[in-house]
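Observations on the model geometry
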Amino acid sequence: MTPVQADSIEEFRCVADLERAAAAALPVDIWDFVAGGSGAELTLAANRDALNRVQLVPRLLRDVSRCTTDTVLLGQPARAPMAIAPIAYQRLVHPDGELAAARAARDAGVPFIASTLSSVSIEELAAVGGNLWFQLYWLRDTGHTMDLVRRAEEAGCTGIVLTVDVPWMGRRLRDVRNAFGLPEDVRAANFGELSTAHQRRSSQSAVAVHTSEAFSSAVTWASVDLLRARTALPLALKGILAPEDARQAVGAGVDAIVVSNHGGRQLDGAIPSIDALPAVVPAVDGAVEVLMDSGIRTGTDILKALALGASGVLIGRPLMWGLAMGGQAGAEQVLRLLAEELRDALGLAGCDSVAAAPSVNGARPGRPPAGARPPRTTP
């Protein structure tokens, strides 16, 4: 596709500026693929509503003259408590796609998580340098799944992130209405061939058809045990919302969990990730690292997640907006803005470091809207 470029990337002063610009600049079907959620998009909206309701109580008269965002994620140093979320097909919004995003993450000093459905191969992304994690979807062919793990290890990835909330792709009505399919010049590079994801069909998402053919819907805790036995790399499970599943993840020997509802793109009506965090964090009792994603748009959002017990967050859609508006420079601007906003929020809350964030007293999910029922897990 023809890259969309801003006259000056510095004109964007917050992530919302980039969102508005990308919405106006990208083709409608590509914008909908990036921005849309599943079903009636209730969870997509609830993620933001829930983050907006979280309130912080700053602590004052503390020395924040040396306030820093430095931290450690999955055993590796990071200059901010954030990583780039695994996002498929980034070349949809810019020709450099994941290469530009990985370079931006490298220069910002934060991890980049390469998707199984990346439009750039694991090996090419590893050549960029930086801290590279690999996100794994469990495929119908277990041998192919383990081959991806081997490739990630050989490429020098420092972590594996198994996504556990996609037995198949949620029904994303925007893609269905657009009969969305990939252009021929954007493909799943780790698979290496054109697929049904490129075959547009009336009233269907070709990407959803492809994933239903490729992904296994029989992923279980036995699969986690198999993967844990197969790799010595740090292992994270992405998509955990229930405290019971978090406790079972600890028993399975994983190193981290990502509290996530897939950005509102899987089960519509699922609990917002930020609302799930206060129950999940005590459930694991410090035995594993807890990350969080879905809806993060500002540095203050990151502080809210930290104050509720997360060690860091994953950045998804904002990265795509930055890529769309300026390639690597746009992605760098997103990460720069979030890091600057986080440092500002930390200092104003009386925290001189990421580790001090839980001392922001009173951080809690706000009250749900009148008439709302408390969240329930399925049996």
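Please refer to the structure higher up on the page.
Residues numbered from 1 in each chain as written. Predicted model: local features only at pLDDT ≥ 70, side-chain atom pairs only at ≥ 80, totals over all residues. Heavy atoms only, no water.

1. Some thoughts on the state of the cysteines
What the rule picks out here adds up to zero disulfides. In this structure Cys-67 is a free cysteine whose sulfur lies 7.6 Å from that of Cys-351, the closest cysteine sulfur available. By relative accessible area, which is 8% here, Cys-67 ends up buried. (Disulfide = S-S within 2.5 Å. Buried < 20%, exposed > 50% of the residue type's maximum accessible area, 1.4 Å probe, protein only.)

2. Focus: the pairing of strand 5 (residues 132-136)
Burial analysis of strand 5 places five of its five residues in the buried class, the great majority of the element. Burial along strand 5 is two-sided: the residues Leu-132, Phe-134 and Leu-136 and Trp-133 and Gln-135 are all buried. Two elements, strand 5 and strand 6 (residues 159-163), share four bridges in a ladder whose sense is parallel. Counted as the bridge partner of Gln-135 is Val-161 from strand 6. For the crossover from strand 5 across helix 6 (residues 142-155) to strand 6, the handedness is right-handed. (Helix = DSSP H or I, 4+ residues; strand = E, 2+ residues; numbered from the N terminus. Pairing = 2+ DSSP bridges. Right-handed = clockwise from strand over helix to strand, strands pointing away.)

3. Considering the packing of aromatic side chains
A full pass over the atoms with the stated rule returns three aromatic pairs. One Lys or Arg, Arg-265, reaches over the ring of Phe-33 and ends 5.6 Å from the middle of that ring. (Phe/Tyr/Trp six-rings, centres within 6.5 Å; stacked < 30°, edge-to-face > 60°. Lys NZ or Arg CZ within 6 Å of the ring centre and 35° of its normal.)

4. Side note on helix 4 (residues 97-108)
Counted at 1.5 Å a residue, the expected span for helix 4 with its 12 residues is 16 Å, and the 17 Å between its end C-alpha atoms agrees. For helix 4, the set of buried residues is Gly-97, Glu-98, Leu-99, Ala-100, Ala-101, Ala-102, Ala-104 and Ala-105. In the stretch just after helix 4, Gly-109 is the one whose phi turns positive, near 75 degrees. (Expected span 1.5 Å × (residues − 1).)

5. A look at empty space enclosed by the protein
Taking a probe equal in size to a water molecule and rolling it over the atoms shows the remaining empty space. For the structure shown, the criterion picks out two cavities of 30 Å³ or more. Considered as a void within the structure, the largest cavity measures approximately 550 Å³ in volume. In this structure, the largest cavity is lined by 33 residues; those nearest its centre are Pro-86, Ile-87, Ala-88, His-262 and Arg-265. Elements with a minimum of two residues in the lining of the largest cavity: helix 2 (28-35), helix 8 (206-214), strand 10 (312-315) and helix 13 (317-348). A breakdown of the residues in the lining of the largest cavity according to their chemical character gives 17 nonpolar, 10 polar and six charged. If you add up the space inside the second largest cavity, you get close to 40 Å³. If you trace the second largest cavity, you find it lined by Ala-102, Arg-106, Phe-112, Leu-125, Gly-129, Gly-130, Asn-131 and Leu-132. Its residues assigned to classes, the lining of the second largest cavity shows four nonpolar, three polar and one charged. (1 Å grid on protein atoms, 1.4 Å probe; cavity = no way out; pocket = protein on both sides within 12 Å on 5 of 7 lines; lining within 4 Å. Points joined across faces, edges and corners; volume = space filled by probe spheres on them. Nonpolar A, V, L, I, M, F, W, Y, C, P; charged D, E, K, R; others polar.)

6. Thoughts on the packing of helix 1 (residues 15-25) against helix 13
In contact at an axis separation of 10 Å, helix 1 and helix 13 are set at 175 degrees when each is read in the N-to-C sense. Relative to helix 13, the element helix 1 lies roughly antiparallel. Listed contacts from helix 13 to Val-15, Leu-18, Glu-19, Ala-21, Ala-22 and Ala-25 of helix 1 are Pro-318, Trp-321, Gly-322, Ala-324, Met-325, Val-334, Leu-337 and Leu-338. When its residues are assigned to classes, the contact of helix 1 with helix 13 shows 12 nonpolar, one polar and one charged. (Axes fitted to C-alpha atoms, helices over the stretch in contact; angles between N-to-C directions. Parallel < 35°, antiparallel > 145°, perpendicular 65-115°, else oblique. Contact = heavy atoms within 4.5 Å.)

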